Amino acid sequence: MAIKNFSIRIDEEMLHKLHVVADYEGRSANGQVLVLIRRCIEAYEKENGPIFKENVKK
């Protein structure tokens, strides 16, 4: 699996809070975002079924 870069715009206060939560969880901010994305995908797939590459709209 290739690793891709993905940029987001985030306000300063939210970024600061993300760093606080990530530090508390023992993760980097990037690692924390990945955990949250994985949880979101798992919840979606639990309710709607698996997501396959051919299902994804670009």
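Notes on the structure in this doc start here. Owing to the predicted nature of the structure, the values given are computational and were not obtained by experimental measurement.

Scoring rules and cut-offs
- Residues numbered from 1 in each chain as written.
- Predicted model: local features only at pLDDT ≥ 70, side-chain atom pairs only at ≥ 80, totals over all residues.
- Heavy atoms only, no water.
- Helix = DSSP H or I, 4+ residues; strand = E, 2+ residues; numbered from the N terminus.
- Expected span 1.5 Å × (residues − 1).
- Salt bridge = Lys/Arg side-chain N within 4 Å of Asp/Glu carboxyl O.
- Buried < 20%, exposed > 50% of the residue type's maximum accessible area, 1.4 Å probe, protein only.

## Side note on helix α1 (residues 12-25)
Working note: α-helix, 3.6 residues per turn, so residues spaced by three or four point in the same direction.
Part 1 of the reasoning: A rise of 1.5 Å per residue sets the reference length of α1, with its 14 residues, at 20 Å; its end C-alpha atoms lie 20 Å apart and thus fit the reference within 8%.
Part 2 of the reasoning: Directly after α1, the chain includes Gly 26, whose backbone phi takes a positive value near 75°.

## Side note on the pattern of salt bridges
Part 1 of the reasoning: One pass over the full model with this rule turns up two salt bridges.
Part 2 of the reasoning: Residues Glu 13 and Lys 17 are paired through a salt bridge, measuring 3.2 Å at the closest nitrogen-oxygen approach. Of the two residues, Glu 13 and Lys 17 both sit in helix α1, four residues apart, roughly one turn of that helix.
Part 3 of the reasoning: Lys 17 gets classed as partly exposed once you look at its relative accessible area, which sits at 48%.

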